[in-house]
There are 2 protein chains.
Amino acid sequence: MKIGDLARLTNTRVETIRFYEKEELLPAPGRNKGNYRIYEQAHLNRLSFIRRSRDLGFTLEQVRKLLKLADDRAAPCTEVDSITAANIAEIDRKLADLGALRTELVRKLECCRGSTIADCRIIEALAPAPSK
Amino acid sequence: MKIGDLARLTNTRVETIRFYEKEELLPAPGRNKGNYRIYEQAHLNRLSFIRRSRDLGFTLEQVRKLLKLADDRAAPCTEVDSITAANIAEIDRKLADLGALRTELVRKLECCRGSTIADCRIIEALAPAPSK
DNA sequence: CTTGACCCTATAGCGGCTTCAGGGTGCATA
DNA sequence: TATGCACCCTGAAGCCGCTATAGGGTCAAG
Ligand SMILES: [Zn+2]
Ligand SMILES: [Zn+2]
Ligand SMILES: [Zn+2]
Ligand SMILES: [Zn+2]
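Procedures and definitions
- Residues numbered from 1 in each chain as written.
- Chains lettered and ligands numbered in written order.
- Predicted model: local features only at pLDDT ≥ 70, side-chain atom pairs only at ≥ 80, totals over all residues.
- Heavy atoms only, no water.
- Helix = DSSP H or I, 4+ residues; strand = E, 2+ residues; numbered from the N terminus.
- Contact = heavy atoms within 4.5 Å.
- Expected span 1.5 Å × (residues − 1).
- Buried area = accessible area lost by both parts, 1.4 Å probe.
- Salt bridge = Lys/Arg side-chain N within 4 Å of Asp/Glu carboxyl O.
- Polar contact = N/O pair within 3.5 Å; in protein donor to acceptor, adjacent residues only side chain to side chain.
- Nonpolar A, V, L, I, M, F, W, Y, C, P; charged D, E, K, R; others polar.

Asks: Would you mind showing me how to read the environment of Pro-27 of chain A here?
Replies: Residue and element names in this part refer to chain A. Along the chain, the position of Pro-27 falls in the loop between helix H2 (14–22) and strand S1 (30–31). C-alpha separation for the pair Pro-27 and Ala-42, spaced 15 residues apart in sequence, amounts to 9.7 Å. When near neighbours in sequence (up to four residues on either side) are disregarded, Pro-27 contacts His-43 and Arg-46.

Take a look at the structure:
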């Protein structure tokens, strides 16, 4: 399987696959006579794992850990769970921040309709208090 | 006022202030005999505007536009409002994405407690279907 | 034999800063 | 006066997770 096929199968850009290889997330595959990368099923599996993890919001650093952990089938999964919990906590922080932001912006936008800069509620909210 | 004072007043790192100057968001101030930057009230006002905008989720590019628009007090504020609306739309997309992510992660985490990697629900969700 | 889709490498760029290396300044204290 | 220390300076590189660009090579179909 060539890099383009792998890209299509995993919904990943070709450049991203090469990037993962350079980052040692995905092992370097064999090459054909024309120096094209040739991938096996194992690569497809591993890349799928990486992409799903990324889609779930794990950082590449977390993905690295998860990949390492996933290999020891008999080990307890406490560490996996705690990485996941950390991810959720991070998401919660972002949700709270964004929610507050949204509220504030909507309030400003609501009460300003078609007037001038001089009394635009948004500009007013941004500008420092006039020093009189 | 020296750069450290300005930093304290606006809750901004010194390096960030120098970065804004290089980016021409904040005009280069005068210098004292020792080549230290010396800021005036106008700088404080402008930096406050920038920081509040950033805190509200505007990109630096949007901040640039807002700063330009804020100067023409008589102009209509339609453009300001549409930049704000774009910001809200962006926030809404992020909120939706993060919400979905959270749901999925929580569901996985909930149904996996203290078992091994071999039957960890999270690893299972990440790993591609076993080729039997 | 040419076209065009695909592949290769190496390097730089994105946003929005942060960090680092290697200095200089300015004020208080011993 | 010397010394310590907090603060300031510049320029360049680093962070994340890719993406894009330049400048080529490979390969199968028509
Ligand atoms: Zn209004
Ligand atoms: Zn307005
Ligand atoms: Zn379970
Ligand atoms: Zn688990």
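Asks: How do you make sense of the environment of Leu-105 of chain A when you look at a structure like this?
Replies: Relative to the elements of secondary structure, Leu-105 of chain A occurs in helix H5 (residues 78–110). Between the C-alpha atom of Leu-105 of chain A and that of Ile-122 of chain A, which follows or precedes it by 17 residues, the distance is 8.1 Å. The contacts of Leu-105 of chain A, once residues within four sequence positions are left out, are Leu-56, Phe-58, Thr-84, Asn-87, Ile-88 and Ile-91 of chain B.

Asks: Would you mind showing me how to read helix H4 (residues 60–71) of chain B here?
Replies: End to end, H4 of chain B covers 17 Å across twelve residues, agreeing with the expected 16 Å (1.5 Å per residue, within 8%). Of the surrounding secondary structure, the elements contacted by the buried residues of H4 of chain B are helix H6 (121–126) of chain A together with helix H3 (41–55) and helix H5 (78–110) of chain B.

Asks: I'm lost on the interface of chain B and chain A in this one. Help?
Replies: Where interface size is quoted, it is often the accessible area lost as the parts come together. The interface of chain B with chain A comprises 51 residues on the first partner and 51 residues on the second. Both sides together, the interface formed by chain B and chain A hides about 4500 Å², and carbon and sulfur atoms give 75% of it. Contact with chain A buries surface across chain B, with Leu-105, Ile-117 and Leu-126 of chain B losing the most and accounting together for 16% of the total. The tally of links between chain B and chain A comes to two salt bridges. Between Arg-102 of chain A and Asp-92 of chain B there is a salt bridge, with the nearest N and O atoms lying 2.5 Å from each other. The tally of links between chain B and chain A comes to eight residue pairs in polar contact (both at pLDDT 80 or more). Taken together, the elements giving at least two residues each to the side of chain B that touches chain A come down to H3, H4, H5 and helix H6 (121–126) of chain B. Among the elements that line the side of chain B that touches chain A, the one with the most residues is H5 of chain B, at 18 residues. Residues belonging to the side of chain B that touches chain A are distributed by class as follows: 31 nonpolar, ten polar and ten charged.

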